[in-house]
Amino acid sequence: MQGEDSLKAFRAEMRSWLEENCPQQMRDGRITDDAICWGGKNWTFSSESQRLWLERASARGLTVPRWPTEYGGAGLSRAEEKVFLEEMERINARPPLKSFGISMLGPALLQFGTPEQNRHYLPQIARGEIRWCQGYSEPGAGSDLASVQTRGEDKGDHWLVNGQKIWTSYADKADWIFALVRTDRDVPKHKGISFLLIDMGDPGVTTRPIRLISGASPFCETFFDNVKVPKGQIVGEENRGWDVAKYLLTHEREMISSGGTGLSGGRALGAVMAQMAGEPSAQDPTLRAAAIRCEVDALATGLTIERYKDMAEAGKGVGNASAMLKYMGTELNKRRHELIMSACGSDALEWDGPVGNRAADWLRTKANSIEGGTSEVMLTILARRVLGLPGS
Ligand SMILES: Cc1cc2nc3c(=O)[nH]c(=O)nc-3n(C[C@H](O)[C@H](O)[C@H](O)COP(=O)(O)OP(=O)(O)OC[C@H]3O[C@@H](n4cnc5c(N)ncnc54)[C@H](O)[C@@H]3O)c2cc1C
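Residues numbered from 1 in each chain as written. Predicted model: local features only at pLDDT ≥ 70, side-chain atom pairs only at ≥ 80, totals over all residues. Heavy atoms only, no water.

Student: Explain the site of the ligand to me, using residue names and the numbers behind them.
Tutor: Contacts to the ligand come from 16 residues, most closely from Ser137, Ser143, Trp167, Ser169 and Thr374. The contact in question runs from a nitrogen atom of the ligand to an N or O atom on the backbone of Gln134, over 2.8 Å. Glu376 is positioned with one of its side-chain polar atoms (N or O) 2.8 Å from an oxygen atom of the ligand. With the chains in place, 64% of the 970 Å² that the ligand exposes on its own is no longer accessible. If one sorts the elements of the shell around the ligand by residue count, strand 3 (residues 158–169) sits on top with three residues. Per-class residue counts for the shell around the ligand are five nonpolar, eight polar and three charged. (Near = heavy atom within 4 Å. Polar contact = N/O pair within 3.5 Å; in protein donor to acceptor, adjacent residues only side chain to side chain. Areas by Shrake-Rupley, 256 points an atom, 1.4 Å probe, with all protein chains shown as cover. Helix = DSSP H or I, 4+ residues; strand = E, 2+ residues; numbered from the N terminus. Nonpolar A, V, L, I, M, F, W, Y, C, P; charged D, E, K, R; others polar.)

Student: Tell me about the nonpolar core, residues and numbers included.
Tutor: Considering soluble globular proteins, one finds that nonpolar side chains tend to be buried as a cluster. Among the nonpolar cores identified, the biggest contains 37 residues, and Leu105, Trp132, Tyr136, Phe178, Leu180, Phe195 and Leu197 are the most heavily contacted of them. Elements with a minimum of two residues in this core: helix 4 (100–112), helix 5 (115–126), strand 4 (176–182), strand 5 (193–199) and helix 6 (241–257). Looking at which element gives the most residues to this core, the answer is helix 4, with six residues. Ignoring sequence-local partners within four residues, the contact set of Trp132 consists of Phe100, Gly101, Leu105, Tyr121, Ile125, Ala174, Trp176, Ile177, Phe178 and Leu197. (Core = buried A, V, L, I, M, F, W, Y, C linked by side-chain atoms within 4.5 Å. Buried < 20%, exposed > 50% of the residue type's maximum accessible area, 1.4 Å probe, protein only. Contact = heavy atoms within 4.5 Å.)

Student: Now, about the packing of helix 6 against helix 10 (residues 321–344): what can you tell me, with residues and values included?
Tutor: The packing of two helices is summarised by the inter-axis angle and the distance between the axes. It is at 8 Å that the axes of helix 6 and helix 10 come closest, and there the two elements cross at 25°. With respect to their mutual orientation, helix 6 and helix 10 come out roughly parallel. Of the two elements, helix 6 crosses helix 10, and the hand of that crossing is left-handed. Here helix 6 contributes Thr250, Arg253, Glu254, Ile256 and Ser257 to the contact with helix 10, which in turn contributes Ser322, Leu325, Lys326, Gly329 and Thr330. Considering only residue class, the contact of helix 6 with helix 10 consists of two nonpolar, five polar and three charged. (Axes fitted to C-alpha atoms, helices over the stretch in contact; angles between N-to-C directions. Parallel < 35°, antiparallel > 145°, perpendicular 65-115°, else oblique. Left-handed = near helix turned anticlockwise from the far one by under 90°.)

Student: Which residues make up the pattern of salt bridges, and what values do they have?
Tutor: Within the structure shown, the criterion is met by 25 salt bridges. In this structure, Arg27 and Glu19 form a salt bridge, with 3.0 Å as the shortest nitrogen-oxygen distance. With a closest N to O distance of 3.1 Å, Arg364 and Glu371 form a salt bridge. The class for Arg364 is partly exposed, based on a relative accessible area of 43%. Relative accessible area serves as the criterion here: at 27%, Glu371 is assigned to the partly exposed category. Residues participating in the shared-partner salt-bridge network are Arg11, Arg15, Glu86, Glu87 and Arg90. (Salt bridge = Lys/Arg side-chain N within 4 Å of Asp/Glu carboxyl O.)

Student: Give a detailed account of helix 4, specifying residues and quantitative values.
Tutor: Along an α-helix, residues three or four apart share an orientation, since each turn contains 3.6 residues. In a regular helix each residue adds 1.5 Å, so 13 residues correspond to 18 Å; helix 4 covers 17 Å between its end C-alpha atoms and thus fits that length. At Gly106, helix 4 shows its maximal bend, which comes to roughly 35°, and the proline Pro107 appears one to four places after that position. In terms of burial, helix 4 is largely enclosed, as ten of its 13 residues are buried. All of the buried residues along helix 4 are Phe100, Gly101, Ile102, Ser103, Met104, Leu105, Gly106, Pro107, Ala108 and Leu109. (Expected span 1.5 Å × (residues − 1). Bend = angle between axes of the 7 residues up to and from the residue.)

Student: Help me get a handle on the packing of aromatic side chains, residues and values and all.
Tutor: The geometry of an aromatic ring pair comes down to the distance between the two centres and the angle between the two planes. Counted by the stated rule, this structure contains twelve aromatic pairs. Residues Trp167 and Phe219 carry aromatic rings whose centres are separated by 5.3 Å and whose planes lie at 75° to one another, so their mutual orientation is edge-to-face. With Trp167 in strand 3 and Phe219 in strand 7 (residues 219–230), this pair connects stretches of sequence that are 52 residues apart. Under the relative-accessibility criterion, Trp167 is labelled partly exposed at 46%. An aromatic cluster is built from Tyr121, Trp132, Tyr136, Trp176, Phe178 and Phe195, whose rings are joined through pairwise contacts. Just above the ring of Tyr170 sits the side chain of Arg131; from NZ or CZ to the centre is 4.9 Å. Above the plane of the ring of Trp159 lies Lys231, whose end atom (NZ or CZ) is 4.9 Å from the centre. (Phe/Tyr/Trp six-rings, centres within 6.5 Å; stacked < 30°, edge-to-face > 60°. Lys NZ or Arg CZ within 6 Å of the ring centre and 35° of its normal.)

Rendered as structure tokens:
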């Protein structure tokens, strides 16, 4: 446990560092896809402030505060990280960088990667130089992820990969993909999968954006046609990729669940509803009661996430409990946005305009409870593996 005095000194240090280094333009708390830097070779900074903020934060290791300094992190303790995040929230700072490298692959590499892999990939992730996408789902393998059919044939010094992935978020913008590939077909399905890192620029990798009804294309189909993947690009052991995949999913689910703890910038739901919908609907007693219930549940979710983070810190791991956090966080986020829609009446239907994009935000929360494993599947994991209930 760190002493109060040392944390106090750390807070003062972070406060003055942020004051000096976080550009004013990055202090509006925006966390939308267009506001946050995703990094990677194809990234175009939306402003000089965004570029400066990434450069300064990564030079100080603060894009990945908990990672060891040798891998581009700041080596902060959990208590220090909390102080840093509180100080960020105090000035309403945007995160300097967001990426699947930070929230998904990085933790998996720290657990399963070789020292060479970690030295090679992690600092590039921390500096926002590589953008990763996630090659898990396939047309016949979503909830039943272990059914992946993309196959890797052993060719001595490399695997020859053929197959297709689907719903690969931002594959068309990514530099590399972490993918589940079947490398042994003659064993039970969980036991023949390897976790491979593949350069999206390699010959034989192509992507095709999937256009949504809104016109946007956040996902792609990703195809592998005789792609040569060097043997050094496996994470963990051959045919034991399921262990890596599951570990990564606990981090993905925990990351998705944090959306349930509140509106961005720590804004109170009631205040947002009053501001958006005006006084009359904010006075509606039923809506007010529902908003209070939602805020209390958000507080409880936030505290529960903190409790599990403390357990993980003590070496107990979050494991299957991440299914509970994911379920709670995403269902709560849906409730919150439904309340905002109810409060705003017909104004809420505006898709993208001066009063905002509430309908788009509300619809996005529905995707939240599908990505990273659906709510139904989370409930099954809870029933079987956490509560120990018998299967049907
Ligand atoms: C916004 C978004 C981003 C995504 N990004 C990525 C990405 O970057 N990379 C990637 O690999 N994938 C990605 N996905 C895919 C996502 O992981 C899958 O959609 C998800 O795992 C569900 O699989 P599925 O779509 O095949 O649905 P299915 O598995 O076909 O499920 C359909 C319905 O049946 C239910 N169901 C299925 N099995 C059971 C069961 N045993 N018990 C009860 N109900 C069940 C499900 O809950 C669901 O309601 C993304 C999805 C979304 C929505």
